[in-house]
Amino acid sequence: MTTGEQYWYNTETGEVEEGHRSSWTHLMGPYGTRAEAERALANAKARSESWDKDDDEWRSK
C-alpha cells in the first residue's frame with residue numbers, strides 16, 4: 001500500500017529525505033520508495049555508462 005509519500009536523494013549529504021525539504025539543486029527524485037531513492041546514484045551511474053557505451057558504438061560506425 002502506498003502512502004503517496006515521495007523520497008529524494010540528497011547529493012550533498014548522501015541521505016534520503018522524505019518529502020521535498022532541501023534545495024532542488026542537491027536533490028534527485030522524486031522516488032516512490034526509500035529503496036529507490038537509496039539506489040539513485042548507482043542507477044544514474046549505470047545509465048550514464050550504458051549511454052556512453054552506445055555513443056562509442058555509434059561513433060565507431
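Scroll up a little and you will see the structure.
The residue numbering used here restarts from 1 in each chain and proceeds along that chain's sequence as written. Selection of residues for local features in this predicted model requires a pLDDT of at least 70, selection of side-chain atom pairs for listing and counting requires 80 or more, and totals for whole chains, interfaces and linings are taken over all residues. Based on all heavy atoms of the structure, the side-chain values leave hydrogens and waters out of the count.

A. Looking closely at the environment of proline 30. Structurally, proline 30 is set in strand β3 (residues 27-31). Residues proline 30 and serine 50, spaced 20 residues apart in sequence, show a C-alpha to C-alpha distance of 22 Å. If sequence neighbours within four positions are ignored, proline 30 has contacts with Gln6, Tyr7 and Trp8. Here a strand is any run of E in DSSP of at least two residues, a helix any run of H or I of at least four, and the numbering for each starts at the N terminus. A contact between two residues is defined here by any heavy atoms of the two lying within 4.5 Å.

B. Representation of the nonpolar core. The term nonpolar core refers to a set of buried residues drawn from Ala, Val, Leu, Ile, Met, Phe, Trp, Tyr and Cys, joined through side-chain atoms within 4.5 Å. Only protein chains enter the accessibility calculation, which uses a 1.4 Å probe; a residue is then buried when its area is under 20% of its type maximum, exposed when over 50%, and partly exposed in between. Core analysis: the largest hydrophobic core is formed by 7 residues, namely Tyr7, Tyr9, Val16, Met28, Tyr31, Ala37 and Ala40. When residues of this core are traced back to their parent elements, those giving at least two are β1 (7-10) and β3. Among residues more than four places away in sequence, those in contact with alanine 40 are Tyr9, Met28 and Tyr31.

C. Geometry of the pairing of β1. Burial along β1 is two-sided: Tyr7 and Tyr9 and Trp8 and Asn10, pointing in opposite directions, are all buried. Any two strands with at least two DSSP-identified bridges between them are counted as paired. Here β1 runs beside strand β2 (residues 16-18); their pairing, made up of 3 bridges, is antiparallel. Across the sheet, residue tyrosine 9 finds its bridge partner in β2, namely valine 16. Taking the residues between adjacent antiparallel strands as the criterion, β1 and β2 are bridged by 5 residues, where glycine 14 takes a positive phi near 75°. Where β1 lies against β3, 3 bridges are found, and the strand directions are antiparallel. What sits directly across from tyrosine 9, in β3, is methionine 28.

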